[in-house]
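# An overview of the molecular structure
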Amino acid sequence: ARVRGAVAAHDLTARVSDRYPGAHGRTHAALHTALDQMSAAIGDARTLAFRVQRATADITRGADAVADGAVAQARGLEALMRALDAIAAAAVVASDAAARTRDTAAHARTQAAAGVARVTALHEATARIAESVAASTSILREIDEIAFQT
């Protein structure tokens, strides 16, 4: 009864100290083995969840750094666009040069859009990792519930 109550209270370290012969002894040994295995599995799951959480935080920091870089690049591109517009206005007589400048600006916009798409993909990957962490947490809860029911 003492071990059953301890296990029900999520204490997987409780053991039956008495020795029993025959089938009761085998049941006693099997119970200890099961408790040891559940404790090890819960420990492993917690360790993995912590590692996933740390990795998610690292990826999030990386994604933030990439996003900050993309913002700085976009600001630079906006400044470049303003400069290109000023150059185009001053070079009305040189329409060929202005056309090449517009082509360059269009390419810069395309590159910026591609950069934004990559940042979006990274953000989505981070969200999937967060979902994986949530799933790991759910598994831990289920293991705890199984341990509780045992």
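Residues numbered from 1 in each chain as written. Predicted model: local features only at pLDDT ≥ 70, side-chain atom pairs only at ≥ 80, totals over all residues. Heavy atoms only, no water.

## A closer look at the overall build of the protein chain
Of the regular secondary structure elements, the protein chain holds three helices and zero strands. Going from the N terminus to the C terminus, the protein chain shows its helices and strands as α-α-α. Against the compact-globule benchmark of 15 Å for 150 residues, the protein chain has a radius of gyration of 31 Å, which places it well outside the compact range. Considering the protein chain as a whole, with its 150 residues, one finds that 19% of them fall into the buried category. By sequence separation, contacts in the protein chain at least 24 residues apart represent 67% of the contacts at least 6 residues apart. Carbon and sulfur atoms make up 60% of the accessible area of the protein chain, which totals about 10,400 Å². Here the protein chain holds 17 positive side-chain charges and 16 negative ones, and the gap between their average locations is 4 Å. (Helix = DSSP H or I, 4+ residues; strand = E, 2+ residues; numbered from the N terminus. Rg over C-alpha atoms; globule rule 2.2 N^0.38 Å. Buried < 20%, exposed > 50% of the residue type's maximum accessible area, 1.4 Å probe, protein only. Contact = heavy atoms within 4.5 Å. Areas by Shrake-Rupley, 256 points an atom, 1.4 Å probe, with all protein chains shown as cover. Lys, Arg positive; Asp, Glu negative; His and termini not counted. Charge placed at Lys NZ, Arg CZ, Asp CG, Glu CD.)

## Structural notes on the nonpolar core
Counting nine residues, the largest nonpolar core is built from V3, A6, V7, L12, A14, L35, M38, I42 and A147. The set of elements that each furnish at least two residues to this core consists of α1 (2–8) and α2 (22–90). In this view, L35 contacts V3, V7, L12, A14 and R15; residues no more than four positions away in its chain are not counted. (Core = buried A, V, L, I, M, F, W, Y, C linked by side-chain atoms within 4.5 Å.)

## Thoughts on the pattern of salt bridges
Under the counting rule described, the total for this entry stands at three salt bridges. Between D144 and R46 there is a salt bridge; the shortest N-O distance is 3.9 Å. Note that D144 is positioned in helix α3 (residues 95–149) and R46 in helix α2, a separation of 98 residues in sequence. A residue is classified by how much of its surface remains accessible, and D144, at 24% relative accessible area, is partly exposed. Where R61 meets D58, a salt bridge forms, and the shortest distance between an N and an O atom there is 2.1 Å. (Salt bridge = Lys/Arg side-chain N within 4 Å of Asp/Glu carboxyl O.)

## Things to note about the side chain of T126
Among the structural elements, T126 can be located in helix α3. Looking at T126, the relative accessible area reads 11%, which means it is buried. Discounting residues that sit within four places of it in the chain, T126 has contacts with I59, T60 and A63.

## Topic: the confidence of the model for the protein chain
Considering every residue of the protein chain, the mean pLDDT works out to 86; 95% of them sit at 70 or more. Mean pLDDT values for the elements of the protein chain range from 82 in α1 up to 89 in α2. (pLDDT = per-residue confidence, 0-100.)

## Structural notes on unusual backbone geometry
Located in the positive-phi region is H10, a residue other than glycine, with phi close to 75°. Structurally, H10 can be placed in the loop between α1 and α2.

## Regarding the environment of A72
You can see A72 is positioned in helix α2. C-alpha of A72 to C-alpha of Q111: the two residues are 39 residues apart in sequence and 14 Å apart in space.

## Re the environment of V16
Turning to its location among the elements, V16 is positioned in the loop between α1 and α2. On the basis of relative accessibility, which here comes to 22%, the residue V16 falls in the partly exposed class. For the pair V16 and H32, spaced 16 residues apart in sequence, the C-alpha separation works out to 8.1 Å. Non-local contacts of V16, meaning those with residues more than four positions away in its chain, are made with R2, V3, H28, L31 and H32.

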